[in-house]
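Structural characterization, general
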Amino acid sequence: MLTTRVWLKFFSKPKLEKPLAIVGSPGLRSVGKLALKYLVKDVEAKRFAELYSSSFPVLYDTKPSYATIPGFSGVAGVKVKGGEGFVPRVRFYFSTSPNLIMVRGYHANFDGQYEVAERVVEVLGEFKVEKMFVLAGYGWDGPEVCCAASNLKLIEEMKKFGLDTGYVGPFMGFSGLVFGMGILKNIDGICLFGKTQPHPEKPEFPDPDAAKKVFKKLKEILGLV
């Protein structure tokens, strides 16, 4: 049986009063990853921690990266960008106006995905997070942005912003599992899905238009417009 190592590195310990959490990661057309990137830039968020895992491949055996399969662990190593090498990681950001923690995810392989998601949710719990928004894409013919949630009361809240349910099916990868772990740890979760057209050869090829629609709706919900 393989043992997954998960460890954290803090750069600072921000003082936040029951912040909301926003989660995004690579996924279908990178909608969640891009929407989170837009938010981090918009609120001038600061990175305060990173999470590393022995189950983070630098190259994946599966395509897309979020479709993990037992026995397909990927290749270990570092990533090089702009001449700089770095270990694959989950990044945590914060802002105080508004009061947010933002989590930029990274897909673990099948052996370590639960350990990673659980540790991420534990970090959110340490900061007294009571609600998270999870950003992602979906490939059905439906509304430009639809939602799902950990309970029906939250769906009713989202209807005030013109949102309703629209996607039925698996929510794979880092963000989906963090959403699920949040339910187990009593953190309310709301998923915002942006409609996108799946790319058969490049499932994670970015769709900035869908991401911007999710970002715009999130800003409306957060009162940032």
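Residues numbered from 1 in each chain as written. Predicted model: local features only at pLDDT ≥ 70, side-chain atom pairs only at ≥ 80, totals over all residues. Heavy atoms only, no water.

Moving on, we come to the pairing of strand β7 (residues 99-104). Within β7, five of the six residues are buried, leaving the element largely enclosed by the surrounding structure. Bridge count for strand β2 (residues 20-24) against β7 is five bridges, and the pairing is parallel. When the sheet's bridge partners are listed, glycine 24 is paired in β7 with arginine 104. Following strand β6 (residues 90-96), the chain reverses through two residues before pairing antiparallel with β7. (Buried < 20%, exposed > 50% of the residue type's maximum accessible area, 1.4 Å probe, protein only. Helix = DSSP H or I, 4+ residues; strand = E, 2+ residues; numbered from the N terminus. Pairing = 2+ DSSP bridges.)

Under the criterion given, the structure shown has 12 aromatic pairs. A centroid spacing of 5.3 Å and a plane angle of 65 degrees characterise the contact between tryptophan 140 and tyrosine 167, whose relative ring orientation is edge-to-face. Of this pair, tryptophan 140 sits in the loop between β8 (131-138) and β9 (145-149) while tyrosine 167 is found in the loop between α3 (152-159) and α4 (173-184), placing the two residues 27 residues apart along the sequence. For tryptophan 140, a relative accessible area of 44% puts it in the partly exposed group. Linked through ring pairs, Phe10, Phe48, Phe92, Phe94 and Phe127 together constitute an aromatic cluster. Lying across the ring of phenylalanine 10, lysine 13 places its NZ or CZ 4.5 Å from the centre. (Phe/Tyr/Trp six-rings, centres within 6.5 Å; stacked < 30°, edge-to-face > 60°. Lys NZ or Arg CZ within 6 Å of the ring centre and 35° of its normal.)

To continue, consider the sheet that holds β8. Backbone hydrogen bonds hold the strands of a sheet together, and the pairing may be parallel or antiparallel. Here we have eight strands laid out as an open sheet, ordered β1-β3-β6-β7-β2-β8-β10-β9, and mixed in their pairing. With partners counted over all chains shown, the strands left at the sheet margins are β1 (6-10) and β9, one partner each. With direction set aside, neighbouring strand axes in the sheet form an average angle of 20 degrees. Looking at chain direction, β2 and β8 are connected through three bridges and run parallel. Of the residues in β8, the one forming a bridge with isoleucine 22 is phenylalanine 133. Packing of helix α1 (residues 31-42) onto the sheet brings it into contact with β2, β6, β7, β8 and β10 (188-195), and relative to β7 it is tilted by some 140 degrees. (Axes fitted to C-alpha atoms, helices over the stretch in contact; angles between N-to-C directions. Contact = heavy atoms within 4.5 Å.)

So far we have only geometry, and geometry alone does not tell us how the molecule works.
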